[in-house]
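A structural walkthrough
One letter stands for each residue in the lines below.
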Amino acid sequence: FINGYLPSLLLSILYYFIPPLMLFLTKFEGYPSKSTQERKTCGKVYLFIVANSFFLVTYGTLISLLSEAIDSPREIPGLLASAVASQVKCLICF
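This section reports on the structure supplied with the text. What you see is a predicted model; the values in this text were computed from it and never measured.

About the cut-offs
Residues numbered from 1 in each chain as written. Predicted model: local features only at pLDDT ≥ 70, side-chain atom pairs only at ≥ 80, totals over all residues. Heavy atoms only, no water. Salt bridge = Lys/Arg side-chain N within 4 Å of Asp/Glu carboxyl O. Helix = DSSP H or I, 4+ residues; strand = E, 2+ residues; numbered from the N terminus. Buried < 20%, exposed > 50% of the residue type's maximum accessible area, 1.4 Å probe, protein only. Expected span 1.5 Å × (residues − 1). Phe/Tyr/Trp six-rings, centres within 6.5 Å; stacked < 30°, edge-to-face > 60°.

With that out of the way, let us pick up the pattern of salt bridges. Inspection of the entire model under this criterion finds 2 salt bridges. A salt bridge links Glu 29 to Lys 44, with the shortest nitrogen-to-oxygen separation between them at 2.4 Å. Separated by 15 residues along the polypeptide, Glu 29 in the loop between α1 (6-27) and α2 (34-56) and Lys 44 in helix α2 bring together distant segments of the chain. Judged by its relative accessible area of 43%, Glu 29 falls in the partly exposed class. With relative accessibility at 24%, the residue Lys 44 sits in the partly exposed group. Where Lys 34 meets Glu 38, a salt bridge forms, and the shortest distance between an N and an O atom there is 4.0 Å. Taken together, the residues span about one helical turn, with Lys 34 and Glu 38 both in helix α2 at a distance of 4 residues.

Structure below.
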């Protein structure tokens, strides 16, 4: 339960609060119309979800592979592939 469903549950809860937060922050940027605020908010939410889901989930695995990547830079694509493959359970559950 803790390794399988809890991370997905926490990500879902986080993603629930992101759009209202981004809309709140976009209103302070000074866009005059509501439609412009909503378009800018959608872009920010999209970038957040892509960055959080892909890059930050694999971040912990990449840190452990950093020494191997420094020793053999040609193996970086293979290391990235193995890092994503090891985190696929979290991404599939989400």
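Moving on, we come to α1. With 22 residues, α1 ought to run about 32 Å at 1.5 Å a step, and its terminal C-alpha atoms sit 33 Å apart, in line with that. Within the sequence span of α1, burial applies to Ser 8, Leu 11, Tyr 15, Ile 18, Met 22 and Thr 26.

Tallied over the entire structure, the rule returns 3 aromatic pairs. Here Tyr 15 and Phe 48 contribute two aromatic rings whose centre-to-centre distance is 6.3 Å and whose plane-to-plane angle is 85°, an arrangement assigned as edge-to-face. Taken together, the residues span a long stretch of sequence, with Tyr 15 in helix α1 and Phe 48 in helix α2 at a distance of 33 residues. Here Phe 48 falls in the partly exposed class, since its relative accessible area comes to 25%. Where Tyr 16 meets Phe 17, the ring centres are 5.2 Å apart and the plane angle is 85°; that geometry is what we call edge-to-face. Considered together, Tyr 16 and Phe 17 belong to a single accessibility category, that of exposed residues.

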